[in-house]
Amino acid sequence: MTALEPGDATVVSADLPVREFPGQDGVLGPVHRALSIGIVSVVLLIAFEATAVGTAMPVAARELHGISLYAFAFSSYFTTSLFAMVLSGQWADRKGPLAPLATGISAFAAGLLLSGTAGTMALFILGRAVQGLGGGLVIVALYVTISRAYPERLRPAIMAAFAASWVIPSVVGPLASGTVTEHLGWRWVFLGIPVLIVLPLVLALPAIRRMASGPADASGPAPAFDRRRIRLALGISLGAALLQYAAQDLRPLSLLPAVGGMAFLVPAVLGLLPAGTWRATRGLPAVILLRGVSAGSFIAAESFVPLMLVTQRGLSPTMAGLSLAVGGLTWALGSYIQSRPRLEPYRVRLMTGGMVLVAAAIATAPTVLIQSVPVWIVGVAWGVGCLGMGLVLSSTSVLLLKLSAPEEAGLNSAALQISDGLSNVLLLAVGGAAFAALGGGSVGGHAVSTATGSHPTAFAAVFLPMAAVALVGVWVATRVRPVRT
């Protein structure tokens with residue numbers, strides 16, 4: 001490792017044995033073109049599914065007589081994906097990313113088909129769980145692919161491409177899904193997406209086999225699966241599921257699944273994340289913690305923005321959703337900025353500034369609870385916050401690969417995704433409980449109640465604590481630079 005001088009804004013880099021090829025000239029150069037288009041297509045597919053399926057979900061739940069189980073259509077995806085992330089990390093480190101990626105894409109498509117053809121809500125939820133398995137396998141395998149197939153100088157650019165691939169789905173996805181649901185039926189939202197699987201399979205898999213297949217150390221024996229980590233992954237999934245269940249109903253009996261969930265969750269998290277993560281130890285632990293703090297605070301707050309605009313300012317659901325549309329563009333812009341080579345020495349400052357923007361956006365949004373404040377303030381604030389998220393999230397991905405030894409890329413990528421996903425559900429559960437306790441209704445998974453009697457104080461009880469969490473992220477961002485050794 002390279003020692004750092006005090007005040008140096010660069011980061012320590014592990015020597016990753018990326019397979020360099022003569023004449024490579026960028027992520028769309030001759031060597032990487034097929035791979036880049038293929039893996040970005042995978043991300044585009046996941047992004048479109050995430051934005052489109054949510055629009056069709058209420059209609060599906062009503063037709064399947066499963067409104068009471070609505071939240072589980074979201075939580076089943078999340079809980080199985082947590083387990084799959086750990087499995088994918090070990091699988092990719094042991095055999096390379098090709099097998100978990102191909103299996104994940106296939107499972108993702110199978111889950112969509114199962115949900116799209118479901119005759120009962122139970123089968124629909126099962127399909128979502130299969131999707132979660134696929135999604136968890138895919139996202140970690142993609143990180144390992146990047147660590148092996150792209151030299152360090154190209155990784156910020158491919159991460160920026162990942163962020164940009166969310167822009168069109170975030171704008172077009174809900175509109176397209178709503179139109180298909182209205183004219184053809186909700187099932188076609190699920191059944192139509194698997195057709196798009198063909199392009200990633202044709203482009204990405206042969207390129208991965210050529211550029212990133214096999215174990216990290218081809219000369220040594222393949223590492224064995226760590227059964228303890230698999231058990232911990234099951235524990236974290238079960239614990240998260242119990243906490244989500246408890247957060248939906250604030251009766252005293254809900255304390256039992258909440259306590260049970262924490263009993264599973266705490267030891268599993270301590271065992272799966274690097275030592276020192278919760279103390280924000282400098283270097284990799286701080287990077288992983290920052291991912292959770294930034295994603296959790298922002299997504300938890302964002303989940304309440306449309307409801308606040310509908311219930312407190314009288315906007316239609318469509319207009320409330322469109323108020324956040326500009327965020328997709330500014331998020332991609334932030335990711336593009338961090339990918340510029342000349343800004344690499346200032347990455348830590350970019351991340352710190354990004355978290356300041358995130359905290360400011362979350363704190364500004366509830367000012368529309370004051371009737372004299374124009375509604376467009378939310379759109380501007382969220383555009384600024386998404387710019388900050390683009391700077392931070394893409395940078396955490398870049399730094400994770402930079403600080404990971406080749407044989408640990410899958411393990412650490414899984415830890416990063418666990419931090420991201422787990423913080424989302426925990427902070428959503430905390431925010432939802434505070435919201436409900438102050439007369440705002442209830443929140444389950446990504447589903448928010450649409451009661452018009454929500455009290456303004458209930459919204460403030462969500463946004464202000466999440467802004468405080470984001471401010472903690474400002475401090476954590478200053479610690480992503482490893483200590484001098």
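From a predicted model like this one, the values you see are computed outputs, not experimental measurements.

Draft legend 1. View of the overall build of the protein. In terms of helices and strands, the protein carries 18 helices and 2 strands. With 485 residues in all, the protein has 56% of them scored as buried. For the protein, restricting intrachain contacts to residue pairs at least 6 apart in sequence, the fraction spanning at least 24 positions comes to 82%. For the protein, the accessible area works out to roughly 19400 Å², and carbon and sulfur atoms hold 70% of it.

Draft legend 2. A look at the packing of helix α15 (residues 347-364) against helix α18 (residues 456-477). At a minimum axis separation of 8 Å, α15 and α18 run at an interaxial angle of 170°. Taken together, the axes of α15 and α18 are roughly antiparallel relative to one another. Residues Val-348, Met-351, Thr-352, Met-355, Val-356, Val-358, Ala-359, Ile-362 and Ala-363 of α15 form the contact with α18, whose own contacting residues are Phe-463, Met-466, Ala-467, Ala-470, Leu-471, Gly-473, Val-474 and Ala-477. Its residues assigned to classes, the contact of α15 with α18 comprises 15 nonpolar, 2 polar and no charged.

Draft legend 3. Fine view of a nonpolar patch on the surface. Together, Met-262, Val-266, Leu-270 and Trp-278 line one region of the surface with nonpolar side chains, adding up to about 410 Å² of accessible area. Here Val-266 is to be found in helix α10 (residues 255-272).

Draft legend 4. Seen up close, the environment of Val-195. With respect to the secondary-structure elements, Val-195 resides in the loop between α7 (187-192) and α8 (198-211). Classification of Val-195 as exposed rests on a relative accessible area of 59%. Taking C-alpha positions, Val-195 is 8.6 Å from Ala-109, a pair spaced 86 residues apart along the chain.

Draft legend 5. Quick peek at the packing of aromatic side chains. Taken as a whole and judged by the stated rule, the model has 7 aromatic pairs. Ring geometry for Phe-124 and Phe-190: centres 5.3 Å apart, planes at 80°, overall edge-to-face. Taken together, the residues span a long stretch of sequence, with Phe-124 in helix α4 (residues 121-149) and Phe-190 in helix α7 at a distance of 66 residues. Joined through ring pairs, the aromatic side chains of Phe-124, Trp-186 and Phe-190 make up one cluster.

Draft legend 6. Layout of α15. The first and last C-alpha atoms of α15 sit 26 Å apart over 18 residues, in line with the 26 Å expected at 1.5 Å per residue. As for α15, its buried residues are in contact with α5 (155-164), α11 (284-302), α14 (326-338), α16 (376-402) and α18.

Draft legend 7. Spotlight on the nonpolar core. Judged by nonpolar contacts, the single largest core of 130 residues is most densely connected at Phe-124, Ile-362, Trp-382 and Phe-463. For Ile-362, the residues in contact, after removing those within four places along its chain, are Ser-297, Phe-298, Ala-301, Trp-382, Phe-463, Met-466, Ala-467 and Ala-470.

Draft legend 8. Inspection of unusual backbone geometry at higher detail. Of note in the backbone geometry, Ala-280 takes a positive phi value of approximately 55° without being a glycine. Examined against the element boundaries, Ala-280 turns out to sit in the loop between α10 and α11.

Draft legend 9. Inspection of the packing of helix α2 (residues 72-95) against helix α17 (residues 409-437) at higher detail. Between α2 and α17, the least distance of the axes is 7 Å, while the angle of their chain directions is 170°. One finds that α2 runs roughly antiparallel with respect to α17. In this structure, α2 contributes Phe-78, Leu-82, Met-85, Val-86, Gly-89 and Asp-93 to the contact, and α17 contributes Ala-409, Gly-410, Leu-411, Ala-414, Gln-417, Ile-418, Gly-421, Leu-422 and Val-425. Of the residues belonging to the contact of α2 with α17, the class tally is 10 nonpolar, 4 polar and 1 charged.

Draft legend 10. Just α14, in detail. Taking 1.5 Å per residue as the helical rise, α14 with its 13 residues ought to reach 18 Å, and the 19 Å between its terminal C-alpha atoms agrees with that figure. Looking only at α14, the buried set comprises Gly-327, Gly-328, Thr-330, Ala-332, Gly-334, Ser-335 and Gln-338.

Draft legend 11. Spotlight on the pattern of salt bridges. Inspection of the entire model under this criterion finds 4 salt bridges. The partner of Glu-344 in a salt bridge is Lys-402, with the nearest N and O atoms 3.2 Å apart. With Glu-344 in the loop between α14 and α15 and Lys-402 in helix α16, the pair connects residues that are 58 residues apart, well separated along the chain. By relative accessible area, Lys-402 is classed as buried at 8%.

Draft legend 12. The side chain of Ser-115, seen in detail. Following the sequence through the fold, Ser-115 ends up in helix α3 (residues 98-116). What makes Ser-115 buried here is its relative accessible area of 0%. Polar side-chain contacts of Ser-115 include one of 3.3 Å to the backbone nitrogen of Arg-128. Ser-115 has contacts with Phe-124, Gly-127, Arg-128, Gln-131, Trp-186, Arg-187 and Phe-190, leaving out every residue within four places of it along the chain.

Draft legend 13. Spatial organisation of the side chain of Thr-145. Structurally, Thr-145 can be placed in helix α4. Not counting chain neighbours up to four residues away, the residues in contact with Thr-145 comprise Leu-35, Pro-97, Tyr-150, Ile-208 and Ala-212.

Quick notes on the rules
Residues numbered from 1 in each chain as written. Predicted model: local features only at pLDDT ≥ 70, side-chain atom pairs only at ≥ 80, totals over all residues. Heavy atoms only, no water. Helix = DSSP H or I, 4+ residues; strand = E, 2+ residues; numbered from the N terminus. Buried < 20%, exposed > 50% of the residue type's maximum accessible area, 1.4 Å probe, protein only. Contact = heavy atoms within 4.5 Å. Areas by Shrake-Rupley, 256 points an atom, 1.4 Å probe, with all protein chains shown as cover. Axes fitted to C-alpha atoms, helices over the stretch in contact; angles between N-to-C directions. Parallel < 35°, antiparallel > 145°, perpendicular 65-115°, else oblique. Nonpolar A, V, L, I, M, F, W, Y, C, P; charged D, E, K, R; others polar. Patch = residues over 30% accessible without salt bridge, like charges linked within 9 Å, V, L, I, M, F, W, Y side chains within 5 Å. Salt bridge = Lys/Arg side-chain N within 4 Å of Asp/Glu carboxyl O. Phe/Tyr/Trp six-rings, centres within 6.5 Å; stacked < 30°, edge-to-face > 60°. Expected span 1.5 Å × (residues − 1). Core = buried A, V, L, I, M, F, W, Y, C linked by side-chain atoms within 4.5 Å. Polar contact = N/O pair within 3.5 Å; in protein donor to acceptor, adjacent residues only side chain to side chain.

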